[in-house]
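If you want the building blocks of each chain, they are given just below.
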Amino acid sequence: EDCVRREVREEVDLEVKISAAPDVQSTHKPRRILFAFQVELDGCEASDASAVSAEIEEAKWFRFDDPPELLWWADEIKEWFEQVREERIAEAATLS
């Protein structure tokens, strides 16, 4: 969790807190592991985001179910996020 908070702060100058356990997806071809963290802004506004790292050209917000096409993994991430969203809705329903 500290790593996620630090990376967000270093890359886009926002303070966040983790609001749920991470979701993890792995693929064999190509070999990769993707981690998705659900976070909430902590004492800042979304409009405060700015590309403060030399590694980042710009910082933008997009809907989790509609990532920009420039992301090479956009289709995969859409499917994964939809699965995570459905799981979270089902979990919330069981808690109600």
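The model shown is predicted, which means the values in this text are computed figures rather than measured ones.

Undergrad: Mind showing me how you'd approach the pattern of salt bridges here?
TA: Any two side chains of opposite charge can pair, given that their charged atoms come close. Considering all chains together, one arrives at four salt bridges under this definition. Taking the shortest distance from any N to any O, the salt bridge between Arg5 and Glu1 comes out at 3.8 Å. Arg5 gets classed as partly exposed once you look at its relative accessible area, which sits at 23%. A salt bridge links Asp2 to Arg5; the shortest N-O distance between them is 2.2 Å. Taken together, the positions of Asp2 and Arg5, both in helix 1 (residues 2-12) and three residues apart, correspond to about one turn of that helix.

Undergrad: Help me out: how do you make sense of the environment of Glu45 in this one?
TA: Within the fold, Glu45 resides in the loop between strand 4 (39-41) and helix 2 (74-95). Taking the C-alpha atoms as reference, Glu45 lies 9.2 Å from Glu15; in sequence the two are 30 residues apart.

Undergrad: Would you take a moment to explain the nonpolar core for this structure?
TA: Soluble globular proteins tend to bury their nonpolar side chains together. By size, the foremost hydrophobic cluster in this structure holds five residues: Leu34, Ala36, Ile77, Trp80 and Val84. Among the elements of the structure, strand 3 (32-36) and helix 2 are those that each provide at least two residues to this core. By residue number, the principal contributor to this core is helix 2, which donates three residues.

Undergrad: I would appreciate a short explanation of unusual backbone geometry in the present structure.
TA: One non-glycine residue with positive phi stands out, namely Asp13, at about 60 degrees. Turning to its location among the elements, Asp13 is positioned in the loop between helix 1 and strand 1 (16-18). Classification of Asp13 by relative accessible area gives partly exposed; the value is 45%.

Undergrad: Explain helix 1 to me, please; I cannot follow it from the model alone.
TA: Working note: α-helix, 3.6 residues per turn, so residues spaced by three or four point in the same direction. Of the positions making up helix 1, those classed as buried are Val4, Glu11 and Val12. Looking down the long axis of helix 1, one finds its buried residues gathered within 70 degrees of arc, a one-sided arrangement. Lining the buried residues of helix 1 we find strand 1 and strand 4. Asp13 lies just past helix 1 and shows a positive phi near 60 degrees.

Scoring rules and cut-offs
- Residues numbered from 1 in each chain as written.
- Predicted model: local features only at pLDDT ≥ 70, side-chain atom pairs only at ≥ 80, totals over all residues.
- Heavy atoms only, no water.
- Salt bridge = Lys/Arg side-chain N within 4 Å of Asp/Glu carboxyl O.
- Buried < 20%, exposed > 50% of the residue type's maximum accessible area, 1.4 Å probe, protein only.
- Helix = DSSP H or I, 4+ residues; strand = E, 2+ residues; numbered from the N terminus.
- Core = buried A, V, L, I, M, F, W, Y, C linked by side-chain atoms within 4.5 Å.
- Arc of directions from axis to C-beta.
- Contact = heavy atoms within 4.5 Å.

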